[in-house]
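Commentary on secondary and tertiary structure
This is what each chain is made of:
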Amino acid sequence: MVSIIYNNTRGYLSVIVNDGQVRGVKLKTTLRTDISVADICEGFVYNQLEGKGLFGLSGKLTIQPEYQRNYIYADGGGKREQAVIHSLLKGYPLGLIYFNKIADDKFEVLDGQQRITSIGRFVTNKFAIIDSGNPKNFDSLPADQQAKIKSSKLLIYECEGTETEIKQWFETINIAGVPLNSQELLNAIYSGPFVTRAKAEFSNSQNANIQKWSAYIKGSANRQDFLERALDWVSKGDIGGYMSAHRNQADITELKNYFNTVLDWASSVFMDIQKEMQGLPWGRFYEQYHANSYDPTEVTAEVKRLYADPYVKNRRGVFEFILGGCEDPKLLDVRVFDEATKKSIYAEQTEAAEATGTSNCPLCAVGHSATKGKIWKFAEMDADHVSAWSKGGGSSSKNCQMLCVTHNRAKGNR
């Protein structure tokens, strides 16, 4: 839980998080109740290519400074941006909005850019709401509804502080529960030329490469998923450290080149795209396996064979299994023998062993240890493939034997 406390006497905001402690910084503030929707939308500019609101308030307001996330209220059919407009029409409050005062009569949105962009997009006819079962953009609303929207007053705090104080405040309220994801928060913390250029490349929903990227990476440009993966791969998992080191650089060549190298390598090894490839750790795969040589034709055939194998339960493991030389069947979660089969084979082996005075573990029976004649309990044994699955053996009862736990674990995949 987050509470923003305004001290009217001293004119500052404090952040209180769920343990009751004041955290972050105290910002000098001015409460504004005179700014209307019409004021905000005067000179509103929305960049469709980058998916963000740029300016409003007659050019005095920067709606999406570089530390802010992309506009996401249009995602999911636009239900959230429509809800903002319906709230205005019903006279519901939109909640507090925070501006950062960066100069005399110059502001940037510190918190509330999704709501402001929704309002600006609607007033400039970028989307429609459903009214009485019919889609209506702003210009098709009755005059009284248009006037109600434009005259609605917003509750705004103008905040003043150093860049460090503003960033700390932004970080604190978002860590405490505002739904920014981890990469959006890192973008805010390390905002600068590097983040600006990186977002223009990897967070642009109009980038023609997104379809290719989506075959390997799960997520969306707006929520920074492609940028996060690119940074994760090039930094070997130290995203924050990499962003900190490159924060003031405008050159993202290394980031782009490494990202494209990983995907080009993956597509050269696995020529056919499978849905299970999406979201796999391709950066780790590249680091671990790119020095190995692969025949793409043989790889394709092996993928098809494993996909057709009824005993392979985890298709997502097929790709690393092949990259690793087909030596680790645990990656495939190969279907094991069911309980009925195991009990049936145990009974057969035990009956035969008792008749001959030998162990019911076949490997103990041919050994020279003290267990040569031991009859193991069912719970002390594991089912094993007589012929290993990786060498063509299936998981039928004909290929099942019960071994003592020690021998089964020692046998492995020999």
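Residues numbered from 1 in each chain as written. Predicted model: local features only at pLDDT ≥ 70, side-chain atom pairs only at ≥ 80, totals over all residues. Heavy atoms only, no water.

**Focus: a nonpolar patch on the surface**
There is a patch of nonpolar side chains on the surface, built from Leu31, Leu96 and Leu155 and spanning about 210 Å² of accessible area. Tracing the backbone shows Leu155 in the loop between helix H4 (143–151) and strand S11 (156–160). A relative accessible area of 37% means that Leu155 is categorised as partly exposed. (Patch = residues over 30% accessible without salt bridge, like charges linked within 9 Å, V, L, I, M, F, W, Y side chains within 5 Å. Areas by Shrake-Rupley, 256 points an atom, 1.4 Å probe, with all protein chains shown as cover. Salt bridge = Lys/Arg side-chain N within 4 Å of Asp/Glu carboxyl O. Helix = DSSP H or I, 4+ residues; strand = E, 2+ residues; numbered from the N terminus. Buried < 20%, exposed > 50% of the residue type's maximum accessible area, 1.4 Å probe, protein only.)

**Observations regarding helix H3 (residues 113–123)**
The buried fraction of H3 amounts to 11 of the 11 residues, a majority that puts the element mostly inside the structure. Of the positions making up H3, those classed as buried are Gln113, Gln114, Arg115, Ile116, Thr117, Ser118, Ile119, Gly120, Arg121, Phe122 and Val123. One or two positions beyond H3, positive phi appears at Asn125, with a value near 65 degrees.

**Some thoughts on the pattern of salt bridges**
Per the stated rule, a full pass over the model turns up 17 salt bridges. Among the salt bridges present, the one from Asp111 reaches Arg115, with a minimum N-O distance of 3.8 Å. The salt bridge involving Glu184 is made with Arg223; its shortest N-O contact spans 2.8 Å. Note that Glu184 is positioned in helix H6 (residues 182–189) and Arg223 in the loop between helix H8 (210–214) and helix H9 (225–235), a separation of 39 residues in sequence. Judged by relative accessible area, which is 1%, Glu184 ranks as buried. Arg223 sits in the partly exposed class, given a relative accessible area of 23%. Put simply, Arg32, Asp34 and Glu158 are held in one network by salt bridges that share partners.

**Comments concerning the confidence of the model for the protein chain**
Of the residues in the protein chain, 88% reach a pLDDT of 70 or more, and the chain-wide mean stands at 86. Every residue in residues 1–10 is under pLDDT 50, and counting partners more than four places away or in other chains gives 29 contacts. The low-confidence segment residues 13–24 (pLDDT under 50) makes 38 contacts with residues lying over four places distant or belonging to another chain. (pLDDT = per-residue confidence, 0-100. Contact = heavy atoms within 4.5 Å.)

**A closer look at unusual backbone geometry**
Although it is not a glycine, Ser58 sits at a positive phi angle of roughly 55 degrees. As for its placement among the helices and strands, Ser58 is situated in the loop between strand S5 (52–56) and strand S6 (61–62). We note that Asp105 has phi near 65 degrees; this positive angle belongs to a residue other than glycine. Owing to a relative accessible area of 43%, Asp105 belongs among the partly exposed residues under this scheme.

**Some thoughts on empty space enclosed by the protein**
Within the structure shown, the criterion is met by one cavity of 30 Å³ or more. Here the largest cavity defines a volume of roughly 70 Å³. Lining the largest cavity are Phe270, Met271, Asp272, Gln274, Val299, Thr300, Val303, Lys304 and Phe319. Among the elements that make up the lining of the largest cavity, the one with the highest residue count is helix H13 (residues 296–308) (four residues). Taken together, the residues of the lining of the largest cavity break down into five nonpolar, two polar and two charged. (1 Å grid on protein atoms, 1.4 Å probe; cavity = no way out; pocket = protein on both sides within 12 Å on 5 of 7 lines; lining within 4 Å. Points joined across faces, edges and corners; volume = space filled by probe spheres on them. Nonpolar A, V, L, I, M, F, W, Y, C, P; charged D, E, K, R; others polar.)

**Some thoughts on the packing of helix H7 (residues 193–202) against helix H11 (residues 253–269)**
With their axes 10 Å apart at the nearest point, H7 and H11 run at an angle of 35 degrees to one another. Of the two elements, H7 crosses H11, and the hand of that crossing is right-handed. Facing H7, whose interface residues are Phe194, Ala198, Glu201 and Phe202, H11 presents Leu255, Lys256 and Phe259. Within the contact of H7 with H11, the residues separate by chemical class into five nonpolar, no polar and two charged. (Axes fitted to C-alpha atoms, helices over the stretch in contact; angles between N-to-C directions. Left-handed = near helix turned anticlockwise from the far one by under 90°.)

**Looking at the environment of Trp282**
Mapped onto the secondary structure, Trp282 falls in helix H12 (residues 282–289). With 16 residues separating them in the primary sequence, Trp282 and Ala266 have C-alpha atoms 7.4 Å apart. Non-local contacts of Trp282, meaning those with residues more than four positions away in its chain, are made with Tyr216, Trp233, Val262, Trp265, Ala266, Phe270, Met277 and Phe319.

**Brief notes about H6**
Listed as buried for H6 are Gln183, Glu184, Leu185, Asn187 and Ala188. Its side-chain oxygen at 3.2 Å from the backbone nitrogen of Gln183, Asn181 defines the N-terminal cap of H6. (Polar contact = N/O pair within 3.5 Å; in protein donor to acceptor, adjacent residues only side chain to side chain.)

**Some words on the nonpolar core**
Among the nonpolar cores identified, the biggest contains 49 residues, and Leu255, Trp265, Phe270 and Trp282 are the most heavily contacted of them. Those elements that place two or more of their residues in this core are H7, H8, H9, helix H10 (239–246), H11, H12, H13 and helix H14 (318–323). Per element, the largest residue contribution to this core is eight residues, and it comes from H11. In terms of nonpolar packing, the next biggest core, distinct from the first, is built from 32 residues, Leu57, Ile116, Phe127 and Ile129 among them. (Core = buried A, V, L, I, M, F, W, Y, C linked by side-chain atoms within 4.5 Å.)

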